[in-house]
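Residues per chain, in single letters:
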Amino acid sequence: MTTARPLPVRYPEDVEHLDGAARGELRVPVCGSCGHRFWPPSPVCPRDFRRDVEWVTDAGTGRVHSWVRFHKQYFAGDDVPYVVVQVRLDSGPNLTTTWTGAADPVLGEPVTVSFREVGDSVWLPEFGPGDHK
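It should be emphasised that the depicted structure is a prediction, and the values quoted were computed from it without experimental measurement.

J.: Describe the nonpolar core, naming the residues involved and giving the relevant values.
T.: Membership of the largest hydrophobic core is limited to twelve residues, which are Leu26, Val28, Val64, Val83, Val85, Val87, Leu89, Leu95, Trp99, Val111, Val113 and Phe127. Counting residues per element, the ones that place at least two in this core are β2 (26-31), β6 (82-89) and β8 (110-119). Residue contributions to this core peak at four residues, all from β6. If we skip the residues at most four places from it in the chain, Val87 touches Gly62, Arg63, His65, Pro93, Asn94, Leu95, Val111 and Phe127.

J.: Tell me what's going on with the pattern of salt bridges, and back it up with residues and numbers.
T.: Tallied over the full model, the rule gives eight salt bridges. Measuring nitrogen to oxygen at the nearest pair gives 2.8 Å for the salt bridge that ties Asp19 to Arg10. The class of Asp19 is partly exposed, set by a relative accessible area of 28%. Salt bridges linked by common partners bring Glu16, Arg23, Glu25 and Arg27 together as one network.

J.: Would you mind going over helix α1 (residues 15-22) in detail, with residue names and values included?
T.: All of the buried residues along α1 are His17, Leu18, Gly20 and Ala21. Taken down its axis, α1 places every buried residue within 160° of arc, on the same side. In the core, the buried residues of α1 are packed alongside β2, β3 (53-58), β8 and β9 (122-129). Gly24 lies just past α1 and shows a positive phi near 80°.

J.: Would you mind going over the pairing of β6 in detail, with residue names and values included?
T.: With six of its eight residues buried, β6 lies for the most part within the structure. Alignment of β6 against strand β7 (residues 94-98), held across five bridges, turns out to be antiparallel. For Gln86, the partnering residue across the bridge sits in β7 and is Thr96. The antiparallel hairpin formed by β6 and β7 contains four residues in its connecting segment, where Gly92 sits at a positive phi of about 125°.

J.: Explain the side chain of Thr61 to me, using residue names and the numbers behind them.
T.: As for its placement among the helices and strands, Thr61 is situated in strand β4 (residues 61-70). Only 2.7 Å separates the side chain of Thr61 from the side chain of Asp90, close enough to count as a polar contact. If we skip the residues at most four places from it in the chain, Thr61 touches Leu89, Asp90, Val111, Thr112 and His132.

J.: Help me get a handle on the environment of Arg47, residues and values and all.
T.: One can find Arg47 in the loop between β2 and β3. Owing to a relative accessible area of 52%, Arg47 belongs among the exposed residues under this scheme. Taking the C-alpha atoms as reference points, Arg47 and Ser121, separated by 74 residues in sequence, lie 34 Å from one another. Residues within four places of Arg47 in sequence aside, it is in contact with Cys34 and His36. Among the polar contacts made by the side chain of Arg47, one reaches the side chain of His36 at a distance of 3.2 Å.

Cut-offs used in this document
Residues numbered from 1 in each chain as written. Predicted model: local features only at pLDDT ≥ 70, side-chain atom pairs only at ≥ 80, totals over all residues. Heavy atoms only, no water. Core = buried A, V, L, I, M, F, W, Y, C linked by side-chain atoms within 4.5 Å. Buried < 20%, exposed > 50% of the residue type's maximum accessible area, 1.4 Å probe, protein only. Helix = DSSP H or I, 4+ residues; strand = E, 2+ residues; numbered from the N terminus. Contact = heavy atoms within 4.5 Å. Salt bridge = Lys/Arg side-chain N within 4 Å of Asp/Glu carboxyl O. Arc of directions from axis to C-beta. Pairing = 2+ DSSP bridges. Polar contact = N/O pair within 3.5 Å; in protein donor to acceptor, adjacent residues only side chain to side chain.

In short, the description is geometric, and any link to function would need to be established separately.
Written out as structure tokens, the structure reads:
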């Protein structure tokens with residue numbers, strides 16, 4: 001028996017990301033010391049281990065790095081099959097999220113972020129085909 005998909009937990013490390021998504025912004029952490037953008041969020045930079053972490057609004061463009069199609073319904077209300085992509089943002093980090101394209105993603109294909117409400121005013125980023133360079 002499947003249950004309803006749980007909403008994301010608002011951990012201190014990713015509140016900025018979730019609040020940005022609700023505003024239609026893709027927010028990612030960046031090290032104030034070395035400038036490294038990274039994902040997942042952390043209170044320290046994974047490159048130089050400093051705690052000088054800030055948040056910036058990312059352009060939300062990148063390329064398909066990997067993808068998979070799920071045929072099993074893990075949560076009630078999920079339409080199956082659905083595609084999950086890992087996107088390498090042009091700014092560096094990889095994000096894993098849902099795919100919005102009508103056709104299967106192609107490795108290396110340019111993508112652009114959009115946002116989907118998943119319930120209770122919670123929005124999440126998702127990616128689909130984009131026409132940036």
